[in-house]
Amino acid sequence: MRAVEQITDHSMTAGIGYAIEAAVRQGWIDGEATVAEALDRLDAALDAEGQEVLLRVRDADFAVPRRFEVAAALNRMRELRVRDAPA
């Protein structure tokens, strides 16, 4: 994550990790959804419920990440497998 210039401190890294964990727990990252679909679901939940979505994962100090920061983290997960978006 050091290569992602927008991520500047630990609270941002923590927020990204909590967002990914929340997405897995909620089934938004399920092996069927594309990354864009999973991020759309995460964005919708954050819009509707705010940081409460991430506080369910862990009540700790974090910065709520933007979708592009979460996407950058997912992009660096070498073992992650997602399906292609329909053409």
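These remarks concern the structure in this document. (Residues numbered from 1 in each chain as written. Predicted model: local features only at pLDDT ≥ 70, side-chain atom pairs only at ≥ 80, totals over all residues. Heavy atoms only, no water.)

To continue, consider the pattern of salt bridges. This model, assessed by the stated rule, comprises 6 salt bridges. Its salt-bridge partner being Arg-56, residue Glu-49 comes within 2.0 Å of it at the nearest N-O pair. Judged by its relative accessible area of 37%, Glu-49 falls in the partly exposed class. Linked through salt bridges whose partners overlap, the residues forming this network are Glu-21, Arg-25 and Arg-58. (Salt bridge = Lys/Arg side-chain N within 4 Å of Asp/Glu carboxyl O. Buried < 20%, exposed > 50% of the residue type's maximum accessible area, 1.4 Å probe, protein only.)

A word on the environment of Gly-15. Tracing the chain through its elements places Gly-15 in helix H1 (residues 10-25). When the C-alpha atoms of Gly-15 and Phe-62 are compared, they prove to be 4.9 Å apart, with 47 residues separating the residues in sequence. Apart from the residues lying within four places of it in its own chain, the contact partners of Gly-15 are Leu-54, Phe-62, Ala-63 and Pro-65. (Helix = DSSP H or I, 4+ residues; strand = E, 2+ residues; numbered from the N terminus. Contact = heavy atoms within 4.5 Å.)

Let's shift gears to the nonpolar core. Judged by nonpolar contacts, the single largest core of 23 residues is most densely connected at Tyr-18, Ile-20, Trp-28, Leu-42, Val-53, Leu-54 and Val-70. When contributions to this core are tallied by element, the ones reaching two or more residues are H1, helix H2 (35-49), helix H3 (52-55) and helix H4 (67-75). Here this core gets 8 residues from one element, more than from any other, and that element is H1. Among residues more than four places away in sequence, those in contact with Val-53 are Ala-22, Trp-28, Ala-45 and Leu-46. (Core = buried A, V, L, I, M, F, W, Y, C linked by side-chain atoms within 4.5 Å.)

Summarising the element assignment, Gln-26 is placed in the loop between H1 and H2. When the C-alpha positions of Gln-26 and Arg-41 are compared, they lie 9.5 Å apart, and in sequence the two are 15 residues distant.

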